[in-house]
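Next come the chains, spelled out residue by residue.
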Amino acid sequence: MNLKVIAFDADDTLFVNEPYFQETEQKFCALMSDYLSEQGLSQELFKTEVDNLHLYGYGIKGYTLSMIEAAMKISNNTLSVEAIEKIIVFGKELLQRPIELLDGVEETLKSLHGNYKLVVATKGDLKDQRRKLHDSGLGAYFHHIEVMSDKQEKDYSDLLNRLEIKPKEFFMIGNSLKSDVLPVLGIGGYAVHVPYHTTWEHEKISHKVEHPNFRTLEKISDVLEILL
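What counts and how
- Residues numbered from 1 in each chain as written.
- Predicted model: local features only at pLDDT ≥ 70, side-chain atom pairs only at ≥ 80, totals over all residues.
- Heavy atoms only, no water.
- Buried < 20%, exposed > 50% of the residue type's maximum accessible area, 1.4 Å probe, protein only.
- Helix = DSSP H or I, 4+ residues; strand = E, 2+ residues; numbered from the N terminus.
- Pairing = 2+ DSSP bridges.
- Core = buried A, V, L, I, M, F, W, Y, C linked by side-chain atoms within 4.5 Å.
- Contact = heavy atoms within 4.5 Å.
- Polar contact = N/O pair within 3.5 Å; in protein donor to acceptor, adjacent residues only side chain to side chain.
- Salt bridge = Lys/Arg side-chain N within 4 Å of Asp/Glu carboxyl O.
- Axes fitted to C-alpha atoms, helices over the stretch in contact; angles between N-to-C directions.
- Parallel < 35°, antiparallel > 145°, perpendicular 65-115°, else oblique.
- Nonpolar A, V, L, I, M, F, W, Y, C, P; charged D, E, K, R; others polar.

### A look at the pairing of strand β2 (residues 117-123)
For a regular strand, side chains alternate in direction, first toward one face of the sheet and then toward the other. In terms of burial, β2 is a largely internal element, six of the seven residues being buried. Bridge count for strand β1 (residues 5-8) against β2 is four bridges, and the pairing is parallel. Counted as the bridge partner of Ala7 is Val119 from β2. Sheet analysis places β2 next to strand β3 (residues 144-148), joined by five bridges and oriented parallel. Within the sheet, the bridge partner assigned to Val119 lies in β3 and is His144.

Written out as structure tokens, the structure is:
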């Protein structure tokens, strides 16, 4: 490999994210428990989230709006103002959660820094992702931070054009096969999957990935054996 850029997903690759959303979903289900079962509430919320992705994109603000919309549908527009205020508080609490780095992240970044250009390639809300990188203390390791509206092949191709590199010079590390691996392999780059113990339903795929440019690793620090 003649690599120039190593890219990292942020949420559930560098720091904890999905468990916080799951905790918030549990609060939402408890708030709305008079209307549907927990499973029914979760399904309605998920459907609303996915339907709204083309409008809001990924991130906590869009998730909060989807919680409000789902709650209004579920309650047939009878939900109280107080309950809506509670949902808004749920969203604000998510935006203020402390940053919890995953094991081996800082060690890995320290080892790679100076040997490659390191970038963040992640989805979500721009302001929130920049906050998390700043508060985590990791921002100084990165040459470039790209908060993408989506992670399709075109989005990665656009990123590589901005970085002025070829796909074969790009190496992506992330926890999502759907967003961090498949589109990168599709344009001719290298990708590593570092599974996280929980994954948002929308990021799951049903088939096995087999490709010469692909590896699955148990932990993020294992990439050092490949890259150094």
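### A closer look at the nonpolar core
Core analysis: the biggest nonpolar cluster contains 49 residues, and Ile6, Phe8, Leu14, Phe28, Leu112, Phe142 and Ile173 have the highest contact counts within it. Each residue touching Ile173, except ones within four places of it in the same chain, is listed here: Ile6, Ala7, Phe8, Asp9, Thr13, Val192, Val194, Ile220 and Val223. Counting 20 residues, the second largest nonpolar core, distinct from the first, contains Val5, Val184, Leu185 and Phe214.

### So, the side chain of Ser75
Mapped onto the elements of the fold, Ser75 is located in the loop between α3 (60-74) and α4 (81-95). Residue class for Ser75 comes out buried when judged on its relative accessible area of 3%. In this structure the side chain of Ser75 is engaged in a polar contact, spanning 2.9 Å, whose partner is the backbone oxygen of Ala71.

### Considerations on the pattern of salt bridges
In this structure the tally under the stated criterion is 18 salt bridges. Here Asp9 and Lys151 are joined by a salt bridge, their closest N and O atoms 3.0 Å apart. Of this pair, Asp9 sits in the loop between β1 and α1 (18-31) while Lys151 sits in the loop between β3 and α7 (153-163); the two residues are 142 residues apart in sequence, bridging distant segments of the chain. Taken together, the shared-partner salt bridges in this structure form one network comprising Asp11, Asp128, Arg131, Lys132 and Asp135.

### Overview of the packing of α1 against α4
The relative placement of two packed helices is expressed as an angle between their axes plus a distance between the axes. For the pair α1 and α4, the least separation of the axes is 10 Å and the interaxial angle reads 170°. The pairing of α1 with α4 is recorded here as roughly antiparallel in orientation. Across the interface between the two elements, Tyr20, Phe21, Thr24, Lys27, Phe28 and Leu31 of α1 pack against Ala83, Lys86, Ile87, Phe90, Glu93 and Leu94 of α4. Taken together, the residues that form the contact of α1 with α4 break down as eight nonpolar, one polar and three charged.

### Quick look at the side chain of Ser179
Checked against the element boundaries, Ser179 lands in helix α8 (residues 177-186). The exposure class of Ser179 is buried, given its relative accessible area of 5%. A polar contact is formed between the side chain of Ser179 and the side chain of Lys123, at a distance of 3.0 Å. Ignoring any residue separated from it by four or fewer positions in sequence, one finds Ser179 in contact with Lys123, Lys151, Tyr156 and Glu203.

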